[in-house]
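# Observations on chain architecture
Here is how the chains run, residue by residue.
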Amino acid sequence: MTFDMIRQLLRLPSLLEVPSLLAVEPHPDDNEVGAGATIKLLTERGATVRYITVTDGRAGSEDTHVRPEALAAMRAEERQRANQLLGVTASDQLGFEDAGAWNEDDLIRVLVPLIRQWRPAAVMTVDAWTPYESHPDHWKTGRAVSAAVIYAKNGVVQRGEGEPYEVPQVIYYGSAYPNTYVDVSETWAVKLAAMKAHASQFDNAGWDLLSQFLTEEATRLYREQYGADRVGQVEAFKVLSSLQLHFFPQAMRS
Ligand SMILES: [Zn+2]
């Protein structure tokens, strides 16, 4: 069954029509890097966008003179500025240790009741199955969010922690297998500004090259979608229904 057939069968709205989104990121800047321009489009259309940031970002510097606690505090402030630029409605930090020894079950246990309470029309996170992705916080977060989505609808799991709720669709950024492209030409500059609000990560000598790389890649993908004579940017996502998150090997090709 193709991606479109499944979406029609389940009557899933297109990505830009979801009224509420829960975006779970491993580190304080990942939602911006992966989906900042799409998040801005959603909030402009009146969607409720809630963030959960899993880790405190304390390992976001290779300079051993920087105190990890001080960096975590700085990144919390940068995160707020980025949230304001994108119009994010609500934002929570779970405070797991960046690059720490926490496991997926710890995170699943926290996420299941939050999903049942907030009942988002879509959940967004990083794609844990992208080849060569080597940061454990990214695998653990992407997999734990996906597991929490299938557990949230099963009232036997974490019984008593909220009414069961089925998340209709899950949106992955940073995916090697994208199936959905969002025209973000209007909000591309805001995405870059929101990324740069994470000054400890991006306001440095490498920014010009990085922003140029991201823009060229988003422009190349735009041309692939809309024609070689047009100029604009897209963000690419893997979107799956929650049905495709268990015993569904076709999901990779959907
Ligand atoms: Zn990250």
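## A look at helix 6 (residues 188–196)
For helix 6, the complete set of buried residues consists of W188, K191, L192, A194 and M195. On an axial view of helix 6, the arc spanned by its buried residues comes to 160°, and they lie on one face. Contact partners of the buried residues in helix 6: helix 2 (30–44), helix 3 (68–86), helix 7 (199–202), helix 8 (207–226) and strand 7 (234–241).

## A few points about the pattern of salt bridges
Think of it this way: side chains of opposite charge can pair up when their charged atoms draw near. Enumeration over the complete set of coordinates arrives at eight salt bridges. Close ionic contact of R58 with D56 constitutes a salt bridge, the shortest N to O distance being 2.9 Å. What makes D56 buried here is its relative accessible area of 13%. Between R58 and E69 there is a salt bridge, and its shortest N-O distance comes to 4.0 Å. Highlighted residues: R58 in the loop between strand 2 (48–55) and helix 3 and E69 in helix 3, separated in sequence by 11 residues. For R58, a relative accessible area of 26% puts it in the partly exposed group. Taken together, the shared-partner salt bridges in this structure form one network comprising D56, R58, R67 and E69.

Cut-offs applied
Starting from 1, residues in each chain are numbered consecutively following that chain's sequence as written. For a predicted model such as this one, the threshold for reporting local features is a pLDDT of at least 70, and the threshold for listing and counting side-chain atom pairs is 80 or more; totals across whole chains, interfaces and linings nevertheless cover every residue. As a rule here, side-chain values cover all heavy atoms of the structure and leave hydrogens and water aside. Buried means the residue's accessible area, taken with a 1.4 Å probe over protein chains only, is under 20% of the maximum for its type, while exposed means over 50%, and partly exposed covers the values in between. Runs of E in the DSSP output that reach at least two residues are strands. Runs of H or I that reach at least four are helices, and both are numbered from the N terminus. This arc corresponds to the set of directions leading from the helix axis out to the C-beta atoms. Should any heavy atoms of two residues lie within 4.5 Å, those residues are considered in contact. Definition used for salt bridges: Asp or Glu carboxyl oxygen within 4 Å of a side-chain nitrogen of Lys or Arg.

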